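# Observations on chain architecture
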Amino acid sequence: MKKVYTCFTTDFIHEGHKNIIRESQKYGEVIVGVLSDEAMVRYNRYPSISFKERMELIKNLEGVSDVVVQKEVMYDQVIKEIHPDYVVHGDNWLEGPMRAIRDNVEKLLSEYGGKIIDVPYTYNEDVRRIELRMKELMAMPEYRRKRLKQLINLRPIVKAIEVHSGLTGLIAEKTVVEHDGEIDQFDAMWISSLCDSTAKGKPDIEVVDMTSRYRTIDDVMEVTTKPIIFDGDTGGKTEHFVYTVRTLERIGVSAVIVEDKIGLKKNSLFGTEVVQKQDTIKHFCHKISEAKKIQLTDEFMIIARIESLILEQGMEDALNRAEAYVKAGADGIMIHSRKKDPAEILEFCDRFRAQDKTTPIVVVPSSYNTITEAELEKHGVNIVIYANQLTRSAFPAMEQTAKDILKYHRAKEVDDRLLPIKDIITLINEL
Ligand code: SPV
Ligand code: MG
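Read on for a plain summary of the structure. Model, not experiment: these values are computed from the prediction.

## Examining the overall build of the protein
Along the backbone of the protein there are 17 helices and 17 strands. For 431 residues, the compact-globule estimate of 2.2 N^0.38 gives 22 Å, and the C-alpha radius of gyration of the protein, at 24 Å, lies within 12% of that figure. Projected onto its principal axes, the C-alpha positions of the protein cover 75 × 60 × 40 Å. Burial status across the protein gives 49% buried among its 431 residues. The contacts of the protein with a sequence gap of at least 6 include a subset with a gap of at least 24, amounting to 74%. In the structure as shown, the protein presents an accessible area of about 21,400 Å², 54% of it carried by carbon and sulfur atoms. Computed over 61 positive and 71 negative side-chain charges, the inter-centroid distance for the protein is 2 Å.

Listed below in structure tokens is the structure:
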């Protein structure tokens, strides 16, 4: 009997999956690969049931003779082990970034004469409804909130990108690339105070109030499922910060990052060029511990941001603060620097990791942007935040367009760098 392999990335079975199994049965005995949690999150397919439950679910389907674990998005390992005569998949992998997976399978099968069977993708009302439901479920607060902690355990490094609107949220949610035979996307979103303020034409000095910041979160949440890390600035007064934590946790935000500055906050990238004051260790620890008492779930994270390097207070001060903030209950440490050279960040990470093996480290490589994710990971970093690049890329593009329309007294000259009208009207999916 010939061996037929197909891989499932789902925890809801619909007609499309049943059809794949029926088609597979025509060629031989059907072995189904169940994608591991680690591989599923790379795909932004977040499992709503455990891996064991997924194995059970698929094992019990009619026509399935065996189930195996597929640990990676790419098929190298399973094909090596199973040596299937056929690999069956929906024909939706013929286009877009999933094509890279098909190319990988084709190459592996060609080495011994195996074949791919592309089955026409089933897209009926029922399938559409189930897929929509899966997505909607992931947007619910109880699913979204816990995802950041889960991702820290499942991903070598969690990658977050700045968002400040529904549109930038969609970019963070949907952008997938295929590069060097790997598929990649962002894991999480950062609601930057700088970019949220800038989008409103305001300076980054906590002048955009919390009600307005919550509106931004809501706009993003409406159209996305990925976890949110909220830039809480200084958190304001402790008595106010506890309310912020309560709200963020309730609506499904995964983490707030609160920085140890006090009084009128200015953006960290100004460093010592403007007057900025760092809080005392005692006062800031009190802010953290009071907020931790308010928290209701184990899932929400309060991450303490250390401004010692920004304010040139030295490495020892940064490390002392890190230790104190963790003792006060902080669930993670963000260390910031505005140097072009990543040396001080890496020194901090190495020394912090020597004394604390587990507390997550968050970094924001805006200035020291030559460092790669892999290097940061080697130094114990858990979350990397690309804090402002979407805003900074949009602004020059919009300004140039405005200038050119003024120059040419018409819009024709700018047209070839614009998103086609057809694409902009179909960019947003209707329910
Ligand atoms: C932000 O994005 O608002 C930040 C990071 O807080 S930074 O702008 O570098 O201070
Ligand atoms: Mg900020």
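## Here's the deal with the site of ligand 1
Residues in contact with ligand 1, as listed here, are Trp190, Ser192, Ser193, Leu194, Asp231, Asn267, Ser268, Leu269, Arg305, His336 and Ala387. The separation between an oxygen atom of ligand 1 and a polar side-chain atom of Ser193 is 3.1 Å. His336 places a side-chain nitrogen or oxygen 2.8 Å from an oxygen atom of ligand 1. Here ligand 1 has 280 Å² of accessible area as a free molecule, and 99% of this is covered by the chains. Most atoms of ligand 1, that is more than half of them, are within 2 Å of grid points of the largest cavity. Across the shell around ligand 1, the residue classes break down as 4 nonpolar, 5 polar and 2 charged.

## Quick word on empty space enclosed by the protein
Overall, the coordinates contain 2 cavities of 30 Å³ or more when judged by the stated rule. Volume-wise, the largest cavity comes out at about 160 Å³. Forming the walls of the largest cavity are 18 residues, and the residues nearest its centre are Leu194, Asn267, Arg305, His336 and Ala387. A per-class count over the lining of the largest cavity returns 5 nonpolar, 7 polar and 6 charged. Taken as a whole, the second largest cavity holds about 50 Å³ of empty space. If you go around the second largest cavity, the residues you meet are Val41, Asn44, Tyr46, Arg147, Leu151, Gln185, Phe186, Asp187 and Lys226.

## As for the side chain of Asn104
Take Asn104: it is sitting in helix α5 (residues 99–110). Note on Asn104: relative accessible area 15%, which makes it buried. Among the polar contacts listed, one links the side chain of Asn104 to the backbone nitrogen of Tyr75, at a separation of 3.0 Å.

Cut-offs applied
Residues numbered from 1 in each chain as written. Chains lettered and ligands numbered in written order. Predicted model: local features only at pLDDT ≥ 70, side-chain atom pairs only at ≥ 80, totals over all residues. Heavy atoms only, no water. Helix = DSSP H or I, 4+ residues; strand = E, 2+ residues; numbered from the N terminus. Rg over C-alpha atoms; globule rule 2.2 N^0.38 Å. Buried < 20%, exposed > 50% of the residue type's maximum accessible area, 1.4 Å probe, protein only. Contact = heavy atoms within 4.5 Å. Areas by Shrake-Rupley, 256 points an atom, 1.4 Å probe, with all protein chains shown as cover. Lys, Arg positive; Asp, Glu negative; His and termini not counted. Charge placed at Lys NZ, Arg CZ, Asp CG, Glu CD. Near = heavy atom within 4 Å. Polar contact = N/O pair within 3.5 Å; in protein donor to acceptor, adjacent residues only side chain to side chain. 1 Å grid on protein atoms, 1.4 Å probe; cavity = no way out; pocket = protein on both sides within 12 Å on 5 of 7 lines; lining within 4 Å. Sits in = over half its atoms within 2 Å of the grid points. Nonpolar A, V, L, I, M, F, W, Y, C, P; charged D, E, K, R; others polar. Points joined across faces, edges and corners; volume = space filled by probe spheres on them.

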